[in-house]
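Analysis of the macromolecular model
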Amino acid sequence: MEDSQGAGQDKGAGQELSRRRALTAAGLVAVAVPLATRRQAPALVRRAEIAGAPGPEQVHVQFGADAASQVAVSWAAPAAVSRPRLRLGRASSGHGLEVRAEERTYTEALTGETVFTYHARLDRLHPDTHYVYEVLNDGAAPVSGTFRTGPRGRSRGFRFTSFGDQAIPAPVGLGLGPWTANAGFIVPAVERLDPLFHLFNGDLCYANLSDVPVETWTSFFENNTRSAANRPWMPCAGNHENEVGNGPQGYLSYQTRFELPDNSSAEFGGNWYAFTVGPIRVISLNNDDICLQDGGFSGFRRDNVPNYASNGDNPYINGYSSGEQRQFLERELDRARRADEIDWIIVCMHQVSMSSAHFNGADLGIRQNWLPLFDQYGVDLVVAGHEHHFERTFPVRGTLPGSTLLTPAPQGTNRHEMDTSTGTVHMIIGGGGHSTPTPVTDFDKPHDGVLITSVGPGSPQTQRPSITTTEPAPWSAYRDLKTPYGFASFDVAPAEPGGTTSITVTHYGAELGSPLYTRRDQFVMRKSLGRQGPHDRLAGSAVTR
Ligand SMILES: [Fe+2]
Ligand SMILES: [Fe+2]
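Note that the coordinates shown come from a computational prediction; the quantities given were computed from them, not determined experimentally.

Pairing between the strands of a sheet is mediated by backbone hydrogen bonds and can be parallel or antiparallel. Pairing in this open sheet of 4 strands is antiparallel, and the strands run β4-β3-β7-β8 from one edge to the other. Pairing within the sheet leaves two strands with one partner each, and these edge strands are β4 (94-100) and β8 (143-148). The sheet shows a mean angle of 30° between the axes of neighbouring strands, direction not considered.

In structure tokens:
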């Protein structure tokens, strides 16, 4: 529609009005976009298509800061394309509005390849509304997808899902990176549940371990687009998103490929962000900033990224934001805590603050930096991965009396029903598909916690070894030793002030090589909402710190 209207300059008021009428007919009147096609000349609009041009691939959707009104659609192309754009519409009326996409590129340090990505941002969408779209460029067939915007406030319930540590479904290049069939099977398993969105809790495709990192990313997105083109897959950056040589902290690929809510950071856009969906504020963090573990190291990149040493490439990035991420987190938590319309604060991050497996282990840096803030502002739920299994805690707040390891203190012993106004529930959901799931023999016996307390000597050339210890684990409520692959779904039941809201959590697990993801575990998180003003998220707290 917008295509055929082509205008050589900005439209006058009358033209804008007629455009609005046309959009109204298409049911799109409330849709406006920051990157409109208005400035394109008619000659350009009508020019012959470029036969055989590469088309969109790796299409995926993200929410903006307000899931009820903002969505971004992103994709890639194997070469620069002409007039990348998105057509938006409703299922009933077809594609009515056209939005120009922004091109962003990066050059992979290992191979010298330039990657072309495209991002169309949509604003002022209707809440709780199903949209259809197609993305295209000159000379290529469109690729279509759908999404639903988030509900406004407490208007209705919805479902979301989470897992991390997926990798890819088949080997690429020399096969150095992890892959399993389960990395493929998990996508339709998630899609079958029709979640509103998915929280990808880090370690996406492990491109930092691959000899062909661009191919690894392509495989990852081509695998996930079956779901991610139809619902936002909201990521956080894990230690394997640190591709040393790609930007100062290795995140340039991650930052370029995703279009994530603005975090007001000039340097670290996308590394952390927040969005609101219904009565939930989701905060996505990058824990490599505060973790002690040396998790981004890759011997292959050290040996093969040109000029690794002379460029000063360094995969150990502890402290890289100099407190900027912490300031963001504290600001976001404070805002969410004060917001009348927010009933749940959920953090999506990668490395964990508790684990009972001798795999990586939990990281003391998270306990030192994040947990006091989670306590202070009453975070309800943390979803994480990094440990390649499923485990969950009781609500925790404060630390065990006298604990030098800052061992979190459980607030309750009921593993089926939990009141998150008493503490934060932590979940490890790291069974997305990596070829090395946590071996059963790694689970501590009888059932202690495992904690990284420091790292040994190292350098950009040599990975710092983790130094770990064990601790009592009264916080551990449940762990799955049978099905290392899996994901969790979260059914959100909002309530009005004065009522009780809940999230029912279900863990689906599968064995290696099996596409059957069966229900393995379920529990309910509940909290009572105050009748007036900001509800008291910290009611009943018993901080023992
Ligand atoms: Fe992982
Ligand atoms: Fe990890």
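The next point concerns the coordination of the iron ion (ligand 2). Donor atoms from the polypeptide that bind the iron ion (ligand 2) are D203 (OD), N239 (OD1), H350 (NE2) and H386 (ND1), placed at 2.1 to 2.2 Å. Around the iron ion (ligand 2), the 4 donor atoms sit at angles spanning 88 to 162°, and that spread fits a shape best called irregular. All donors of the iron ion (ligand 2) belong to a single chain; written as a sequence motif, their spacing is D-x35-N-x110-H-x35-H. In this structure, the iron ion (ligand 2) lies 3.3 Å from the iron ion (ligand 1), and both are coordinated by D203.

Attention now moves to the pairing of strand β7 (residues 130-136). Here β7 lies mainly inside the structure; 6 of its 7 residues are buried. In this sheet, β7 lies alongside strand β3 (residues 85-90) in antiparallel orientation, the contact comprising 5 bridges. Looking at β7, one finds that R85 is bridged to L136.

Moving on: the pattern of salt bridges. On inspection of all chains with the given rule, the structure shows 27 salt bridges. For R104, the salt bridge identified is with E102, shortest N-O distance 3.6 Å. Classification of E102 by relative accessible area gives partly exposed; the value is 29%. One salt bridge in this structure joins D491 and R159, with 2.7 Å as the shortest N-O distance. With a gap of 332 residues between them, D491 in strand β25 (residues 485-493) and R159 in strand β9 (residues 158-163) connect regions that are remote in the sequence. The class of D491 is partly exposed, set by a relative accessible area of 24%. Judged by its relative accessible area of 26%, R159 falls in the partly exposed class. Connected through salt bridges with shared partners, the residues R83, R85, R87, E98, E134 and D138 form a single ionic network.

Parameters and conventions
- Residues numbered from 1 in each chain as written.
- Chains lettered and ligands numbered in written order.
- Predicted model: local features only at pLDDT ≥ 70, side-chain atom pairs only at ≥ 80, totals over all residues.
- Heavy atoms only, no water.
- Pairing = 2+ DSSP bridges.
- Helix = DSSP H or I, 4+ residues; strand = E, 2+ residues; numbered from the N terminus.
- Axes fitted to C-alpha atoms, helices over the stretch in contact; angles between N-to-C directions.
- Donors = N, O, S within 2.8 Å, 3.2 Å for Na, K, Ca; no water.
- Tetrahedral: all angles 85-135°; square planar, octahedral: opposite > 155°, others 65-115°.
- Buried < 20%, exposed > 50% of the residue type's maximum accessible area, 1.4 Å probe, protein only.
- Salt bridge = Lys/Arg side-chain N within 4 Å of Asp/Glu carboxyl O.

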